[in-house]
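# Survey of secondary and tertiary structure
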Amino acid sequence: MKFNRREWLWLASSFGAALSLGGQSASGQLQPLFVEVPPSASGIAWVHENAMSPSRYLPEALGPGCAFLDFDNDGWMDIFLVNSGPSDFWKPSSPVRNALYKNNRDGTFTEVTEKAGITGGSFGMGVAVGDYDNDGWSDIFVTAYGKSILYKNNHDGTFTDVTEKAALAAPGWTTSAVCGLLGRAQTRMRQ
């Protein structure tokens, strides 16, 4: 039987999806691929505030950003979660902030947001992680309704807001961003 490229890709992806839906137990029962891990077990207690105002503006309808990054260069993926925040159409009744969770290397995480200095302050939308200054450490760029924020990694578990210095304030409404990580590769290729 002959397949064109599109049919072959569809068939291959369908077969791969079927294989990845879960495993079988010793009794032959299908086991789920994903299992919910409660905050009491994971340490991740962050909750997204959807900021629903009576007017239901478009930024309120969009979900938050999430990034998996190794902010402390220990070889384990940490988690950064973006939250909404105060804006011209919504004033939270209690403080709303982003969250950075350090991977404890045992399936649990510890929140280090305050210590890291990246709580936010604007109506966060998305996040991109990259090494903007080519120093080998992950930096964080948060897009927002209001003011985007670039956090420079200080190599000690803390970050500094360098948005103005980098000329990236981008007032208005930014929803997504992407980082290109070509700096080190280009430098090595030139040598």
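See the structure printed just above.
Notes on the structure in this doc start here. Bear in mind the structure is a predicted one, so any value in this text is a computation, not a measurement.

### Thoughts on the environment of Leu69
Note that Leu69 resides in strand 1 (residues 66-69). Distance from Leu69 to Ile79, taken between C-alpha atoms, is 6.3 Å for residues 10 residues apart in sequence. Not counting the four nearest positions on each side in its chain, Leu69 is found in contact with Trp76, Met77, Asp78, Ile79, Phe80, Leu100, Val129, Ser138 and Ile140.

### Focus: the nonpolar core
Counting residues in hydrophobic clusters, the biggest one holds 15 residues, and the most contacted among them are Phe80, Leu100, Ile118, Ile140 and Phe159. Of all elements in the fold, only strand 1, strand 6 (139-146) and strand 7 (149-153) reach the threshold of two or more residues within this core. The residues touching Ile140, leaving out its near neighbours within four places in the chain, are Leu69, Phe80, Ile118, Val127, Ala128, Val129, Ile149, Leu150, Tyr151 and Phe159. Formed by 6 residues, the second largest nonpolar core is a distinct cluster that contains Ala51, Phe89, Phe123 and Met125.

### Comments concerning the packing of aromatic side chains
A complete count under the given rule lists 6 aromatic pairs for this structure. Ring plane angle 50° and centroid distance 5.1 Å describe the contact between Tyr57 and Phe89, whose orientation is recorded as tilted. Taken together, the residues span a long stretch of sequence, with Tyr57 in the loop between helix 2 (39-42) and helix 3 (58-61) and Phe89 in the loop between strand 2 (78-81) and strand 3 (99-103) at a distance of 32 residues. Exposure remark for Tyr57: the relative accessible area of 41% places this residue in the partly exposed category. Ring centres of Phe71 and Phe159 lie 6.2 Å apart, and the angle between their planes is 40°; on these two criteria the pair is classed as tilted. Residue Phe71 is found in the loop between strand 1 and strand 2, and its partner Phe159 is found in strand 8 (residues 159-161); the two are separated by 88 residues along the sequence. Here Phe71 and Phe159 have matching classes, each one buried. These aromatic residues form a ring-pair network of at least three members: Tyr57, Phe89, Phe123, Tyr145 and Trp173.

### Notes on the side chain of Asn83
As for its placement among the helices and strands, Asn83 is situated in the loop between strand 2 and strand 3. Asn83 sits in the buried class, given a relative accessible area of 3%. At 3.3 Å, the side chain of Asn83 forms a polar contact with the backbone oxygen of Val47. Leave out the neighbours within four places in its chain, and Asn83 touches Trp46, Val47, His48, Glu49, Val96, Arg97, Asn98, Ser122, Phe123 and Gly124.

### Here's the deal with the environment of Val127
One can find Val127 in strand 5 (residues 123-130). Since its relative accessible area comes to 15%, Val127 is described here as buried. Val127 sits 17 residues away from Ala144 along the chain, and the two C-alpha atoms are 9.0 Å apart.

Thresholds, definitions, all that
- Residues numbered from 1 in each chain as written.
- Predicted model: local features only at pLDDT ≥ 70, side-chain atom pairs only at ≥ 80, totals over all residues.
- Heavy atoms only, no water.
- Helix = DSSP H or I, 4+ residues; strand = E, 2+ residues; numbered from the N terminus.
- Contact = heavy atoms within 4.5 Å.
- Core = buried A, V, L, I, M, F, W, Y, C linked by side-chain atoms within 4.5 Å.
- Buried < 20%, exposed > 50% of the residue type's maximum accessible area, 1.4 Å probe, protein only.
- Phe/Tyr/Trp six-rings, centres within 6.5 Å; stacked < 30°, edge-to-face > 60°.
- Polar contact = N/O pair within 3.5 Å; in protein donor to acceptor, adjacent residues only side chain to side chain.

By themselves, these figures tell us nothing about what the structure is for.
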